[in-house]
Amino acid sequence: MENLQAIREQALAALNAVQDEVALEQWKVAQLGRNAALTQAMKNLGQLSAEERPLAGKQANEVKLALEAAFEEKRAALEGARLRASLSSEKLDVTLPGRSLALGRLHPITQTLRRINAIFAQMGFQVYRSRDVETDEYNFLLLNFPPNHPAREMQDSFYVEGGAPDNPTLLRTHTSAGQIHAMREYAAKDPKNPPPIRIVLPGMCYRFEQVSARSEVQFTQVEGLAVGENITFGDLKGTLTDFAQRFFNANVRTRFRASHFPFTEPSAEMDVECFVCGGAGCSVCKHSGWLEILGSGMVHPNVLRNGGYDPEKYSGFAFGMGPERLTMLRYRIEDIRYFWRNDMRFLEQF
Amino acid sequence: MKTPLSWLKDFVDLEGINLEELAHTLTVAGLEVEEIHYIGLPMPSGLQQTKVSGLSWDPEKLVVAEIRDVGPHPNADRLVLCRLYDGQQEHTVLTGAPNLFEYRGQGELKPPLKVAYAKEGAEIYDGHQDGMHKTVLKRTKIRGVDSYSMVCSAKELGISEEHEGIIFLPADTKAGTPLADVLGDAVLTIAITPNIARDANIYGVAREISALTGRKLKPMPTAVKAAGPSIKGKVRIDIQDKELNPRFVLGLIKDVEIKPSPAWVQQRLRLAGMRPINNIVDATNYAMLELGEPLHAFDYDVLVQRAGGKAPTIITRPAKQGETITTLDGVERKLDDFTVLVCDTAGSLSIGGIMGGLESEVTENTRNVLLEGASWNFINVRKTLVAQRMSSEAAYRFSRGVHPAMAPRGVSRGLELMRQWAGGVVNEGLVDKYPKPAKDLQIEISSADARRWLGVALTNKQIGDILKKLGFTIATQGKSLLVTVPDHRMDIETGVVGKADLMEEVARIYGYDNIPATRLADPLPPQHGNPPLELEERVKDLLARMGIQEVMTYRLTSPEEEARRLPPGTPPDDKPYVKLANVISQERTVLRKSLLASVLEIAERNARQRQRIALFEVGPVFHSSEETLPDELQRLVVVLGGQQQPAGWQAGDAAAYDFYAAKGVVAELLAGLGLHGLKYEPGAHPSFHPGKCARVVVGERQLAVFGELHPQVHSQYDLGSHTLQAITLNLDVLGELVPERFDSRPVPQYPPVIEDLALVVDESLPAGQVEAMIAQTGGNLLAGVALFDVFRGDKIGAGKKSLAYQLTYQHPERTLTDDEVAKLRDRIVRRITQELGAQLRA
Ligand SMILES: [Zn+2]
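Residues numbered from 1 in each chain as written. Chains lettered and ligands numbered in written order. Predicted model: local features only at pLDDT ≥ 70, side-chain atom pairs only at ≥ 80, totals over all residues. Heavy atoms only, no water.

All names here are of chain A. For the pair helix H2 (residues 21-32) and helix H4 (residues 52-89), interaxial distance at closest approach is 10 Å and the crossing angle is 175°. Taken together, H2 and H4 sit at an angle that is classed as roughly antiparallel. Two secondary-structure elements touch here, H2 through Glu21, Leu24, Glu25, Trp27, Lys28, Gln31 and Leu32 and H4 through Lys64, Leu67, Glu68, Phe71, Lys74, Arg75, Leu78, Glu79 and Arg82. (Axes fitted to C-alpha atoms, helices over the stretch in contact; angles between N-to-C directions. Helix = DSSP H or I, 4+ residues; strand = E, 2+ residues; numbered from the N terminus. Parallel < 35°, antiparallel > 145°, perpendicular 65-115°, else oblique. Contact = heavy atoms within 4.5 Å.)

Here is the structure:
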């Protein structure tokens, strides 16, 4: 019996000295193989008396199990060490660049238009699009710009050859031209009792202006129009403030200033608190703390009437904003000409 | 409009007001203050809601001084030396101001000249540099004389850009007084939108300030002290078209002395942006700036002379087409029949409301002044301004509308100012022709209107009080208010428009900030989406997912630019351009007809710095039409060139975009939209290589054309080594084809049988035909046919090609037996060998 304890201690000591898998295999042959001391001891169990045999057998078995377990443990340790060694030799330079993939991007203005449209869609405003080439009637006259009106001076138009002298053809100067189309289309559905309207009108507009870092001959605009029987200036403020808080950030403050557009009355410009400096004043907001974002107002009674809506019964609000300006502010873009130049070095940033 | 604070104070008490807050109050009420220009007053620091400019004068360094004598400079004729007292001590100051030369060598001046004196270290504007640049006064030597201080011009103080002489201060100012106490002021530059043309004058702004702040407004200054005999019989008025000239008023002042206006008047005019001329001209300008009624002064004696010594008759009439007049600016002008002339019996005198003529102007010798105030049709004034390319302060106001009631007020004010500044005696009364009196407008409104338009609960009394502050007259009529429009306003209409006009006034004065923000509570309209837009967005997303960058380009271009998309000598198509009538640049003369040209231009711009070009645009092209307005047709263009994947540092797949890559984009795009099995056939389009061009046709209509760019087109762009593939697709056609929905297929539960089939066919046989026949013959059990190799070579033989397909056999409900697959294969092979002459390749 002492012999079995000795075999066990000696074997474990030998295992302790094993350093690699070859030595481990040799140890296994030496300690658990056919000629191992333990194997011999187990063979010799038969020579013991019937009383001694069960206990000795049990002990011998315990030693065997212990040695086998120690072997497994050692084997796992050696394998782990070998894997670690091998992994550490396979180290990559993770600072090398990743393999380039061609990521297709949407133009920044498309991205901005989608954000605007999506925010208004959630408030029930659907997209209504209309033509780039318009008549004076739709672009000006029906929007309450009488001929020779001073407000026309603010909008220099591109005219198209061949239009009627009394109703020239022109490139729309604002998407407001679509307001009349939309109202007339809706009103035609039930002229006596026209349905309410909630639309946004995105589109390309044109102004006869020299191109510079601040102005372009073409620009996108998103107009909005809500018409119904109970729409107030308070609704205008609430809707546009909701928009600003969705578009900029949830806490942004808005400010409404009286302004003038021929097709709305009262008219208002909406400013938002500068999101660059939080209203403390910076170069982006010209140290005022506020950024001009959009023009708006209650739809002028003449415009409602021109659209087929009785201004005694219906009211509404309209607004217009420039996606380029919003994009420029958001990303601090300094030059509006970047948008239509489409240099990949610009486009790839968005 | 430039509005000096000191002038506003004549009409509204501004004691203790914070200028920044005032500017903000005006701005939010629609009188946008673009800038506050400080003339010596302390300037705010920190956050500036309004742009600020100007100087704040140090009370120690900028003071009133008196010049006691003016002596010659020992070394320079164009300089003088002034002996000057600044309240503490005497200094010798050197200056080149020409308006001091007349005092040179006169000895002790009695009384001394009061001037603005800047000491060393004072901040002023540099008088010798063009433009307005601030500088700090430093000690120097000029022509050997030590100089450490100066007497200031208007420019150096930031009052105006005039730098022709120093400014003089009123005689009663005391030497040593800080200059800011005497001249300190601030000028608000207010943007006047067309709807507030009534406020293009000091009194109008004062009225708004009074309404907005509750500070009391003083009455309009229209009193005149007329000590002379009646004007009756001294002049007659003949208005020939009352629509063009609804009112004409004349007043007469006799025995005036023409000289410079008082210093404070000159100061105010300068601050308001006008040059002082003499007391008579200044009085007309001053009255105009103050009340908004432009005035015109005639030399009465010249008119009498022209009338042969009798009382002159002033006639207003439309010009004859082509009639000429020489205006004050010395320009001979040929007039149109919409221009209105002021004439006398001897001929024309001035263009009504715009500019005087040379002959009857006030001169240094004028003794008696006939003063005109009138009312003109603003549309005719506007048309004349455009036709004559003119502008003037008078025309600016008349072209936006001035109420006829202002005419006699303006004339009275002008006469009184002339009397005060030029002496003379005002003849009693005015000659006033008013053939088309303005109607009193009345509008009925109530608190219900405020609720409906503004969403705010205001009582009738609150509404009435607000409107009264702006000069409206209010009467109660049952449950409503009857509002009478004051006779200085032309922007208010009647009826429902008038209600909106009044609601704007109520909202402005009540304050936009005070109107509660609410959410729309009106019923939501029927929702019906925008299918064409939604399709475009899907197309854009699909293309971006294929690694293609969206661009947005100019829709204005030139035929020359667009011609590059076609090989030289391509005959023109039958669709004329939509041409601009007014062109701003030769690069943008027409609306584009080709989206391909737009995108190729962008490809060219990027080709030099890019190994990979993958661009698309969705947008309209414009075709002239028989209708008034051109057709606007939505198109998609994709341009591909260079490597399909961007190059990196690893050696790898650098496959270039070729025809089949472009076809893959077309196929994936259409598949992504649920369109399968569309037919591709050889296409013909002048922009494309004739052998490498395909089209997708559906029924009669062409959906898309794509292929390799024609080499002659390629060479017209600077594209470097890239070979370009392009796709053009008609989105209007696409919209009709894309199914609203489709049925999905279940995922098979049983294993497919996959095997390869290699065929040798004639080179001329289109592969599409082979594939179509395999698919058709395989029927439902053939789940897939995929070409995986095309091979040509000696083993195959000349004029032949090998096509290798992978066929996937699949039964939806069980595993196919070998026998079933063999039968199906045999049927396919038999048919293609018999009908297409294909041979099975071992
Ligand atoms: Zn800021």
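Right, let's talk about unusual backbone geometry for a bit. Following Glu265 of chain A, the chain continues to Pro266 of chain A via a peptide bond in cis, the omega torsion being -5°. Looking at the secondary structure, you find Pro266 of chain A in strand E7 (residues 264-273). Of note, the bond from Lys110 of chain B into Pro111 of chain B is cis; its omega dihedral lies within 30 degrees of zero at -5°. Topologically, Pro111 of chain B is positioned in the loop between strand E6 (90-95) and strand E7 (113-118). Positive phi values are uncommon outside glycine, yet Lys286 of chain A reaches one of about 50°. By the element assignment, Lys286 of chain A lies in the loop between E7 and strand E8 (290-299).

This part takes up the interface of chain A and chain B. Contacts between the two partners involve 106 residues from chain A and, on the opposite side, 97 residues from chain B. Here chain A and chain B share an interface that buries about 8600 Å² over both sides, 54% of which is from carbon and sulfur atoms. Joining chain A to chain B, the criterion identifies seven salt bridges. Scanning the region where chain A abuts chain B turns up 50 residue pairs in polar contact (both at pLDDT 80 or more). It is helix H8 (residues 233-247) of chain A that provides the largest number of residues to the side of chain A that touches chain B, a total of seven residues. Residue composition of the side of chain A that touches chain B, by class: 45 nonpolar, 33 polar and 28 charged. (Buried area = accessible area lost by both parts, 1.4 Å probe. Salt bridge = Lys/Arg side-chain N within 4 Å of Asp/Glu carboxyl O. Polar contact = N/O pair within 3.5 Å; in protein donor to acceptor, adjacent residues only side chain to side chain. Nonpolar A, V, L, I, M, F, W, Y, C, P; charged D, E, K, R; others polar.)

What follows is about the coordination of the zinc ion. Residue and element names in this part refer to chain A. Protein coordination at the zinc ion: the donors are Cys274 (SG), Cys277 (SG), Cys282 (SG) and Cys285 (SG), at 2.2 to 2.3 Å from the metal. Every donor residue of the zinc ion comes from the same chain, spaced as C-x2-C-x4-C-x2-C. On the basis of relative accessible area, Cys285 is assigned to the buried category, the value being 3%. (Donors = N, O, S within 2.8 Å, 3.2 Å for Na, K, Ca; no water. Buried < 20%, exposed > 50% of the residue type's maximum accessible area, 1.4 Å probe, protein only.)

Residues and elements named next belong to chain B. On average, residues of chain B score 93 in pLDDT, and 100% of them are at 70 or above. The lowest-confidence element of chain B is strand E11 (residues 145-147), averaging 77 in pLDDT; the highest-confidence one is strand E29 (residues 549-550), averaging 98. Reported confidence for the predicted complex is 0.89 by ipTM and 0.88 by pTM. (pLDDT = per-residue confidence, 0-100.)

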